[in-house]
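# Coordinates in review
One-letter residues, chain by chain:
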Amino acid sequence: MLQNKNILLCVTGGIAVFKSAALTSKLVQNGANVRIIMSESAMKFVTPLTFQALSRHEVYTDTFQERNSEKIAHIDLAEWAEVILVAPATANIIGKLANGIADDLITTTLIATKAPVYIAPAMNSNMMENVAVVRNIAQLTADGYRIMDADNGYLACGYVGKGRMLAPADIIENLIVHFSENKILAGKKFLITAGPTLEKIDPVRYLSNFSSGKMGYALAKMATELGADVTLVTGPVNILPPQGVELIHVETAEEMYEAVMTRFAACDCVIKAAAVADYTPVYQESKMKKANAGLTLSLQPTKDILKTLGEKKTTQFVVGFAAETNNVEDYAKKKLHAKNADLLIANDVTQSGAGFGSDTNIVTIFDRDGAVIQLPKMEKVAVAKEILLEIFKRMK
C-alpha cells in the first residue's frame, strides 16, 4: 500500500526522534518515497545525516536555504507530499499549528499543504494532560488534522503514563489504512441499528427516549462510503437515510430484536447504536383516561439485543454503545464484558456536545484487550469514521 507513495516526515524536537529514524527506515522498506524536514530542536537529538542515510535524500532544515532557484522549498514539499507525518509532535508544534503560526520550515510547509496531515504527539504525561495541549489537540482535530493518539508506558523522563509516540509499526498501519481507506470495508456486511424505540402504553401514548438516530445514521453513511454492504435497522427518526443502504423501519424493541436477529447470521459486523428501551409497558387496548389520582404503569423488561448477539456470535464482530451520565468508564467496561461485545463506545450524555440530538459527539472506545481510545469533540460523521477504522483494524 505504501509503494511509491510520497510521504513527508516532519521531525520536531523530542527524545522520540530516535523512533522517527526507525520509522523512516521502515517507510523506505515498504517502498515509500520519504522526504524529511527537521526542526532546529530535533537536530539536537539526532543529526540530519542519520535521516539522510535512511531516506536516501537530503534533509531539509532551514526555511531560507533554497537549494533550487526555480522552486520555493516549503511550497514544493507541500505540493509533493501525498501525506505528511509530524512525528514526534511536541507540545510546541501542536500549539503553533492550532493557532496558525508559521515561523519555520515545518510550520510554513504544513500551512501551505493540501495533503492530509497526521500528528503523532510525544511528551511527558503531565504535558499531555495540560489544558492548553488538550485544547490545541482538539482544535487540530476540528481543523481536520489526524491525531495518532499517544501510547501509555515508560517515558524517558522516568514517568509511567500516556505520552509515548506511537510505535513505527502502528504508524505504518495507520498509513496503510489511509491509502486504502476509500474501500477498506469492501466485501463486508454491516448491520447497524439507530434511533429510539417506541413502547406503546395505549393506542395514543408511548414511552421512548431522546435518541435522534444521528450517530447510527452517520455510521451507516460512513460504512457505505468505506465500501461496506450496510443494512440500517432504524427506529422512528426524522433523518434522510444515507444512499446505498438497505433500510429496515421498526418501532418497538421487540421489532428491532427480530429485525437484527433474523439478519445476524449473514453479517460480518453489527454496530448497535440504537437506544433501545429497557422496559415496555403492559399495553392497554383502550385509551387510558385521565384521573386526579397518580398513575402506576406496569413495565416488563425488553429482550437484551446486545447480550443476545454476544452469546450467539461466531465470527461476527459486535459493537455496543453506552450512553451514561456518571461513572462512564466503569459502566462501559462492565457492559463490554457482560455483553461479550468486541468494542464498546461510551459517552457521557450530560457533556455539552455529546448528548442526544447533537451534531457532535465525545466518545471513548473500549476494547476487550484493555485499550481505551478517547476521542475529542468531533462531528458525528468524523466520530463514525474513527470508530469504523478501529473496527477495521480489529476485524483483520
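For the structure itself, look to the data block above.
Source: prediction; values computed, not measured.

The next subject is helix α10 (residues 253-264). For α10, spanning 12 residues, the distance from its first C-alpha to its last is 16 Å, which sits close to the expected 16 Å at 1.5 Å a residue. Those residues of α10 that fall on the buried side of the exposure criterion are A253, M256, Y257, A259, V260, M261 and F264.

Moving on, we get to unusual backbone geometry. The omega torsion across A87 and P88 is -5°, close enough to zero to call that bond cis. Looking at where P88 falls in the secondary structure, it is placed in strand β3 (residues 83-89). Phi is positive for R56, which is not a glycine, with a value near 65°. Mapped onto the fold, R56 is located in the loop between α2 (48-55) and α3 (73-80). Of note in this structure, N340 is not a glycine but carries a positive phi near 60°. Residue N340 is classed as partly exposed on the basis of its relative accessible area, which comes to 29%.

This brings us to the packing of α10 against helix α11 (residues 305-312). Where α10 contacts α11, the two axes come as close as 10 Å, and the packing angle between them is 20°. Relative to α11, the element α10 lies roughly parallel. At the point where α10 passes α11, the crossing takes the right-handed sense. Contacts between α10 and α11 pair A253, M256, Y257, V260, M261 and F264 from the former with I305, T308, L309 and K312 from the latter. Here the residues of the contact of α10 with α11 are counted per class, giving eight nonpolar, one polar and one charged.

Among the surface-exposed residues, L207, Y279, L295, L297 and L299 lie close enough to one another that they form a single nonpolar patch of about 460 Å² accessible area. Structurally, L207 is set in strand β10 (residues 205-207). Judged by relative accessible area, L207 falls into the partly exposed class, the value being 30%.

Across the sheet, five strands lie side by side as β2-β1-β3-β4-β5; this open sheet has parallel pairing. Looking at the sheet topology across the chains shown, the edges are occupied by β2 (33-38) and β5 (146-147). In terms of strand pairing, strand β1 (residues 6-11) meets β3 through four bridges, oriented parallel. Bridge assignment links L8 to a residue of β3, and that residue is I84.

Our next topic: the sheet that holds strand β11 (residues 229-234). Sheet strands associate in pairs through backbone hydrogen bonding, adopting either a parallel or an antiparallel arrangement. The eight strands are arranged β12-β11-β8-β13-β16-β17-β19-β20 in an open sheet whose pairing can be described as mixed. For this open sheet the edge positions go to β12 (246-249) and β20 (372-374), each flanked by a neighbour on one side alone. Between one strand and the next, the sheet's axes are offset by a mean angle of 15°, whatever the strand orientation. Bridge count for strand β8 (residues 189-194) against strand β13 (residues 269-272) is four bridges, and the pairing is parallel. Each bridged residue has a counterpart across the sheet, and for I192 the counterpart in β13 is I271. Packing against the sheet, helix α12 (residues 328-338) makes contact with β16 (317-324), β17 (343-348), β19 (364-367) and β20, and its axis sits at approximately 155° to β17.

Below, the discussion takes up the pairing of strand β9 (residues 199-202). When a strand is regular, its side chains alternate between the sheet's two faces. Summarising the sheet, β9 and β10 pair through three bridges and their orientation is antiparallel. Bridge pairing in β10 places E199 opposite L207. Remark: two residues form the turn of the hairpin made by β9 and β10, two consecutive strands paired antiparallel.

Before going further, it helps to spend a moment on the pattern of salt bridges. The tally for this structure, following the rule as stated, stands at 15 salt bridges. K189 serves as the salt-bridge partner of D229, at 3.0 Å between the closest nitrogen and oxygen. One end of the pair, D229, is in strand β11; the other, K189, is in strand β8, and 40 residues separate them in sequence. Residue K189 is classed as partly exposed on the basis of its relative accessible area of 38%. A salt bridge links K313 to D342; the shortest N-O distance between them is 3.1 Å. One end of the pair, K313, is in the loop between α11 and β16; the other, D342, is in the loop between α12 and β17, with 29 residues separating them in the sequence. Assigned by exposure class, K313 and D342 land together as buried. Beyond isolated ion pairs, a larger network of salt bridges with shared partners links D367, E390, K393 and R394.

Cut-offs and rules
Residues numbered from 1 in each chain as written. Predicted model: local features only at pLDDT ≥ 70, side-chain atom pairs only at ≥ 80, totals over all residues. Heavy atoms only, no water. Helix = DSSP H or I, 4+ residues; strand = E, 2+ residues; numbered from the N terminus. Expected span 1.5 Å × (residues − 1). Buried < 20%, exposed > 50% of the residue type's maximum accessible area, 1.4 Å probe, protein only. Axes fitted to C-alpha atoms, helices over the stretch in contact; angles between N-to-C directions. Parallel < 35°, antiparallel > 145°, perpendicular 65-115°, else oblique. Left-handed = near helix turned anticlockwise from the far one by under 90°. Contact = heavy atoms within 4.5 Å. Nonpolar A, V, L, I, M, F, W, Y, C, P; charged D, E, K, R; others polar. Patch = residues over 30% accessible without salt bridge, like charges linked within 9 Å, V, L, I, M, F, W, Y side chains within 5 Å. Areas by Shrake-Rupley, 256 points an atom, 1.4 Å probe, with all protein chains shown as cover. Salt bridge = Lys/Arg side-chain N within 4 Å of Asp/Glu carboxyl O. Pairing = 2+ DSSP bridges.

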